[in-house]
Amino acid sequence: MAPATLTALAEEKTLNPSFVRDEDERPKVAYNQFSNEIPVISLSGIDEVEGKRAEICKKIVEACEDWGIFQVIDHGVDAELISKMTRLAKEFFALPPEEKLRFDMSGGKKGGFIVSSHLQGESVQDWREIVTYFSYPIRNRDYSRWPDKPEGWIEATKEYSDKLMGLACKLLEVLSEAMGLEKEALTKACVDMDQKVVVNYYPKCPQPDLTLGLKRHTDPGTITLLLQDQVGGLQATRDNGKTWITVQPVEGAFVVNLGDHGHYLSNGRFKNADHQAVVNSNCSRLSIATFQNPAPEATVYPLKIREGEKPVLEEPITFAEMYRRKMSKDLELARLKKQAKEQQLQDLEKAKLEAEAKPIEEILA
Ligand code: OGA
Ligand code: NI
């Protein structure tokens, strides 16, 4: 049974078993062993057509080809708005459980608070609490699912989501141009851009080495803009999980990563970053992920296939279908893993019984 909130569990000496991951999924690198492999790119001057634009775009494109992740500074989103958003978010998660649970979204409500598991049907829980806002398209907003405490958070979130929509579109222009397409090509491919703001709260954890704040994944959408505090915990891999790096937190920066949709539209040229979040026993961590997604009915298919390349998709599909396939693949992998584990236990048990049945001379022989 999923716990209602993590408040009580965070105080226990040992980790609640429902959060214990299989050994191969556990963190390999410390939450604060930072790497500087992910480029930090200043966007100052990006609108000057004759000036720095070309140079900035080149850096962004290289990062997308390399890791599918980069950080941006001088992005034009007001520092005061950013600190207001984080302050209000922290105040929300510090509220008593019953206050947070007024916005409980378990049972399929569109938006609000939940202790998250990565996937429906997956048994191991992620060590995080989240608040989700479905912020775009505006006609789909349901303000009754936006927490009304602390006071001012609704207004701040409206402004934040609007500013991040602007920044995301600007970055998608750069990527469209890099693909040799018109500026609006990627946003147009999203039909009516969807935006979801997810505030992640990772409480400090009694046994962080056994669990994850957020299991390894790629984001399904076009592009994600993540604001993180100075604690650290976001990790990325580009060799299928063999080695990991922890992204260096940079004050006021957004970590930008491409999702599956962005990857497919570029015919695989831009990476869909493989990432996860780890937790620690010293302090809690906050991050705010803004997901920019295509409309469910938008078509997913490469916008540009370069000479000598094969299309990464056999046929055009809708984003809804792309998402459905992703989910069923993840569930199938989880099922196979569970099956393999059970088989291993059975084999072990059988070997034990056989050993017990043999006379001692035979075992020693
Ligand atoms: C996400 C995500 C990472 C983090 O919310 O999809 O990858 O560091 N978050 O919180
Ligand atoms: Ni993610």
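Remember, it's a predicted structure, so these values are computed and weren't measured experimentally. (Residues numbered from 1 in each chain as written. Chains lettered and ligands numbered in written order. Predicted model: local features only at pLDDT ≥ 70, side-chain atom pairs only at ≥ 80, totals over all residues. Heavy atoms only, no water.)

What follows covers the nonpolar core. Judged by nonpolar contacts, the single largest core of 54 residues is most densely connected at Ile60, Phe70, Trp153, Val199 and Phe254. Ranked by residue count, the leading element in this core is helix 4 (residues 153-178), at eleven residues. The residues touching valine 199, leaving out its near neighbours within four places in the chain, are Ala89, Phe93, Glu129, Ile130, Val131, Tyr133, Trp153, Leu286, Ser287 and Ile288. Listed in part, the 15 residues of the second largest apolar core include Trp67, Leu234, Val255 and Ala273. (Core = buried A, V, L, I, M, F, W, Y, C linked by side-chain atoms within 4.5 Å. Buried < 20%, exposed > 50% of the residue type's maximum accessible area, 1.4 Å probe, protein only. Helix = DSSP H or I, 4+ residues; strand = E, 2+ residues; numbered from the N terminus. Contact = heavy atoms within 4.5 Å.)

Okay, the sheet that holds strand 3 (residues 69-73) next. Read from one edge to the other, the open sheet built from eight strands follows the order 2-3-11-8-13-6-5-4, with strand pairing classed as mixed. The open sheet has two free edges, formed respectively by strand 2 (40-42) and strand 4 (112-115), since each of these has just one partner strand. Strand after strand, the sheet turns through a mean of 25° between neighbouring axes, direction not considered. Pairing of strand 3 with strand 11 (residues 254-258), which is carried by four bridges, proceeds in the antiparallel orientation. Across the sheet, the residue bridging to phenylalanine 70 is valine 256, located in strand 11. (Pairing = 2+ DSSP bridges. Axes fitted to C-alpha atoms, helices over the stretch in contact; angles between N-to-C directions.)

Given a rise of 1.5 Å per residue, 26 residues ought to cover 38 Å, and the 37 Å separating the end C-alpha atoms of helix 4 matches this to within 8%. Looking at the residues trailing helix 4, positive phi occurs at glycine 180, about 75°. (Expected span 1.5 Å × (residues − 1).)

Evaluated as defined, the whole model comprises 30 salt bridges. Two residues, aspartate 22 and lysine 337, come together in a salt bridge whose shortest N-O distance is 3.3 Å. With aspartate 22 in the segment before strand 1 (34-35) and lysine 337 in helix 7 (residues 319-357), this pair connects stretches of sequence that are 315 residues apart. Of the charged contacts in the structure, one is a salt bridge between glutamate 315 and arginine 325, with a shortest N-O distance of 3.3 Å. Note that glutamate 315 is positioned in the loop between strand 14 (299-300) and strand 15 (317-318) and arginine 325 in helix 7, a separation of ten residues in sequence. The network of salt bridges with common partners includes Arg21, Asp22, Asp24, Glu25, Asp126, Lys215, Lys337 and Lys341. (Salt bridge = Lys/Arg side-chain N within 4 Å of Asp/Glu carboxyl O.)

This next bit is on the site of ligand 1. Contacts to ligand 1 come from 14 residues, most closely from Tyr202, His217, His275, Arg285 and Ser287. Within the side chain of tyrosine 202, a nitrogen or oxygen atom sits 2.6 Å from an oxygen atom of ligand 1. Here an oxygen atom of ligand 1 and a side-chain polar atom of aspartate 219 are 3.3 Å apart. If you list the elements that add at least two residues to the shell around ligand 1, you get strand 6 (194-202), strand 7 (214-217), strand 12 (274-277) and strand 13 (285-293). Looking at the shell around ligand 1 element by element, the count peaks at four residues for strand 13. Its residues assigned to classes, the shell around ligand 1 comprises seven nonpolar, four polar and three charged. (Near = heavy atom within 4 Å. Polar contact = N/O pair within 3.5 Å; in protein donor to acceptor, adjacent residues only side chain to side chain. Nonpolar A, V, L, I, M, F, W, Y, C, P; charged D, E, K, R; others polar.)

Attention now goes to helix 2 (residues 79-93). Three or four residues apart is the spacing at which side chains of an α-helix point the same way, because the helix has 3.6 residues per turn. With 15 residues, helix 2 extends 22 Å between its outermost C-alpha atoms, agreeing within 8% with the 21 Å of an ideal straight helix rising 1.5 Å per residue. Within the span of helix 2, buried status applies to Leu81, Ile82, Met85, Thr86, Leu88, Ala89, Phe92 and Phe93. One side of helix 2 holds all its buried residues, which, seen down the axis, span an arc of 165°. Across helix 2 from its buried face, at more than 90 degrees, point the exposed residues Ala79 and Glu80. (Arc of directions from axis to C-beta.)

Time to look at the packing of helix 2 against helix 4. For the pair helix 2 and helix 4, the least separation of the axes is 10 Å and the interaxial angle reads 135°. In terms of axis orientation, helix 2 runs oblique to helix 4. Note that helix 2 runs across helix 4; the crossing there is left-handed. Each of Leu81, Lys84, Met85, Leu88, Ala89 and Phe92 in helix 2 lies in contact with helix 4, whose residues at this interface are Trp153, Ala156, Thr157, Glu159, Tyr160 and Lys163. Tallied by class, the residues present in the contact of helix 2 with helix 4 amount to eight nonpolar, one polar and three charged. (Parallel < 35°, antiparallel > 145°, perpendicular 65-115°, else oblique. Left-handed = near helix turned anticlockwise from the far one by under 90°.)

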